[in-house]
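# Analysis of the macromolecular model
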Amino acid sequence: FLNKAKPQEHKDKVLMIDARDIFRKVTRKIYDFSPEQLQNILSITWLYRGETKRFHDLVVNYFSQMFAEARQSEVLLLNYKTAFETIDNELQPFIATLPKKGKQAKTLRELKTCSKSLNQGMRSFAKLTKEKCAWWKKQNKDDMNLTDGLEEIESFIAENNSLIKASELMYRLIIRLMDICLNSCNGKKSDTWNNREIVLLKKKTEIARDEAVAQLKQIRYVHHQAQWLLERFPDEKLRDVEGLVKLVDKAELEENDWSLTPGRYVGVAPEEEDPDFDFDETMHTIHTELDSLNVKASDLAKQIGENFGKLGI
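What you see is a predicted model, and the numbers here were worked out from it, not measured in a lab.

### Looking at a nonpolar patch on the surface
- Among the surface-exposed residues, Leu300, Ile304, Phe308 and Leu311 lie close enough to one another that they form a single nonpolar patch of about 410 Å² accessible area.
- Residue placement: phenylalanine 308 occurs in helix H9 (residues 279-310).
- Taking the relative accessible area as the measure of exposure, phenylalanine 308 reaches 41% and is therefore partly exposed.

Given below as structure tokens:
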């Protein structure tokens with residue numbers, strides 16, 4: 001973009017922005033910018049033009065959105081808790097007939113621990129949400145230090161992320177328990193196993209889980225947008241950021257044969273961590289799913305052996 005009305009401090013200089021590492025994956029082949037990513041890129045030009053209030057207001061809006069999303073999450077978490085308790089109560093008559101040892105007993109212990117952790121996390125998160133919303137309401141939004149604000153809500157975000165892990169783990173465990181009951185303990189053959197009702201409750205629990213986790217992840221997403229901006233521009237002023245932006249003068253342009261390719265000037269950004277990737281959570285998910293697959297594999301091998309036996313092989 002050519003601008004004949006540049007302020008004096010920007011004469012003979014070009015603002016280079018390299019946004020190749022900023023994208024949202026829509027499908028395997030299609031990538032685009034989310035509305036928030038577009039706003040974040042645009043906010044760099046605001047800083048370039050000295051429109052620092054617009055940058056400040058954008059980050060303030062992210063903070064406000066975070067707390068609004070947090071308040072909405074409380075109802076969805078309660079819905080998920082209720083759905084889980086309903087399916088758990090439906091399974092109890094059959095589970096009571098099972099031995100106190102074995103795969104189902106181990107899964108039940110894990111499920112009990114996870115359920116307790118989730119309930120504690122919900123109480124802690126509700127308390128933190130109330131406290132941080134009250135703190136935010138008292139702030140002078142126009143003059144506050146937003147980088148300090150990020151530090152203030154660190155425990156709030158950490159509890160939010162813990163809730164995501166506990167919510168997802170609890171669902172995986174209840175599904176594993178159901179698989180064990182069906183495949184290893186002949187659940188369908190028992191009078192205490194109401195398969196139609198259990199399948200219906202499983203679907204309701206899955207929907208409740210999806211809604212609660214999606215809401216919690218939305219809080220994390222909005223927080224990441226504010227964090228992304230403040231990590232790069234902590235003083236809310238334009239500065240060179242490796243791999244993203246640089247204000248280039250004519251001398252440097254001439255050295256590069258007057259190329260206007262931003263990547264030649266801004267350098268290479270350090271690899272950014274995916275805010276949705278958690279190594280411990282991923283490994284726990286793999287371990288839990290592997291346990292379920294091992295159970296199914298063992299039961300299948302047993303069934304195949306019995307079939308061969310019937311055939312006299």
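From this point, the discussion proceeds with the structure in view.
### Points about the environment of arginine 264
- Its location among the elements puts arginine 264 in helix H8 (residues 263-266).
- A residue is classified by how much of its surface remains accessible, and arginine 264, at 46% relative accessible area, is partly exposed.
- Distance from arginine 264 to leucine 253, taken between C-alpha atoms, is 9.8 Å for residues 11 residues apart in sequence.
- Setting aside its immediate chain neighbours within four residues, arginine 264 contacts Asn256 and Ser259.

### Notes on the packing of aromatic side chains
- Counted under the stated rule, the structure contains eight aromatic pairs.
- Ring centres of phenylalanine 63 and tryptophan 136 lie 5.1 Å apart, and the angle between their planes is 15°; this geometry places the pair in the stacked category. Of this pair, phenylalanine 63 sits in helix H2 (residues 52-95) while tryptophan 136 sits in helix H3 (residues 103-138), and the two are 73 residues apart along the sequence.
- Since its relative accessible area comes to 7%, tryptophan 136 is described here as buried.
- By the ring-pair criterion, three or more aromatic residues cluster together here, those being Phe63, Phe67, Phe125, Trp135, Trp136 and Phe156.
- Note that lysine 141 overlies the ring of tryptophan 136, its terminal NZ or CZ placed 4.8 Å from the centroid.
- In this arrangement the basic side chain of arginine 209 is found over the ring face of tyrosine 171, its NZ or CZ atom lying 4.2 Å from the centre.

### Describing the pattern of salt bridges
- Under the defined criterion, the tally for this structure stands at 13 salt bridges.
- Across the pair lysine 250 and aspartate 12 runs a salt bridge whose closest N-O atoms are separated by 3.9 Å. Placement of the pair is lysine 250 in helix H7 (residues 250-255) and aspartate 12 in the segment before strand E1 (13-17), with a sequence separation of 238 residues.
- Using a relative accessible area of 42% as the deciding quantity, one classes lysine 250 as partly exposed.
- Note that lysine 217 and glutamate 168 form a salt bridge whose closest N and O atoms lie 3.5 Å from each other. Here the residue lysine 217 occupies a position in helix H6 (residues 195-232), and glutamate 168 occupies one in helix H5 (residues 154-183), the gap between them amounting to 49 residues.
- Given a relative accessible area of 14%, glutamate 168 falls into the buried group.

### With respect to the nonpolar core
- Ranked by internal contacts, the top residues of the largest apolar core, which has 71 residues, are Phe63, Ile153, Phe156 and Ile174.
- For this core, the secondary-structure elements that each account for two or more residues are helix H1 (35-48), H2, H3, helix H4 (146-152), H5 and H6.
- With 18 residues, H2 is the single largest residue contributor to this core.
- Other than its neighbours up to four places away in sequence, phenylalanine 156 contacts Phe67, Ala70, Phe125, Leu128, Thr129, Lys132 and Ile219.
- Formed by five residues, the second largest nonpolar core is a distinct cluster that contains Met16, Leu253, Tyr265 and Val266.

### Comments concerning the state of the cysteines
- Under the counting rule described, the total for this entry stands at zero disulfides.
- Summary of cysteine pairing: cysteine 114 is not part of a disulfide, and the nearest cysteine sulfur, belonging to cysteine 181, is at 17 Å.
- In this model cysteine 181 remains outside any disulfide bridge; the closest cysteine sulfur is found in cysteine 185, 5.5 Å from its own.
- Assessed through its relative accessible area of 0%, cysteine 181 is described here as buried.

### Considerations on the side chain of glutamate 69
- For glutamate 69, the position within the fold is in helix H2.
- Salt bridges are absent for the buried glutamate 69, whose nearest opposite-charge side chain, arginine 71, sits at 9.6 Å.
- Among residues more than four places away in sequence, those in contact with glutamate 69 are Gln215, Gln218 and Ile219.

Calculation notes
Residues numbered from 1 in each chain as written. Predicted model: local features only at pLDDT ≥ 70, side-chain atom pairs only at ≥ 80, totals over all residues. Heavy atoms only, no water. Patch = residues over 30% accessible without salt bridge, like charges linked within 9 Å, V, L, I, M, F, W, Y side chains within 5 Å. Areas by Shrake-Rupley, 256 points an atom, 1.4 Å probe, with all protein chains shown as cover. Salt bridge = Lys/Arg side-chain N within 4 Å of Asp/Glu carboxyl O. Helix = DSSP H or I, 4+ residues; strand = E, 2+ residues; numbered from the N terminus. Buried < 20%, exposed > 50% of the residue type's maximum accessible area, 1.4 Å probe, protein only. Contact = heavy atoms within 4.5 Å. Phe/Tyr/Trp six-rings, centres within 6.5 Å; stacked < 30°, edge-to-face > 60°. Lys NZ or Arg CZ within 6 Å of the ring centre and 35° of its normal. Core = buried A, V, L, I, M, F, W, Y, C linked by side-chain atoms within 4.5 Å. Disulfide = S-S within 2.5 Å. Lys, Arg positive; Asp, Glu negative; His and termini not counted.

Taken by themselves, the reported measurements are silent on function.
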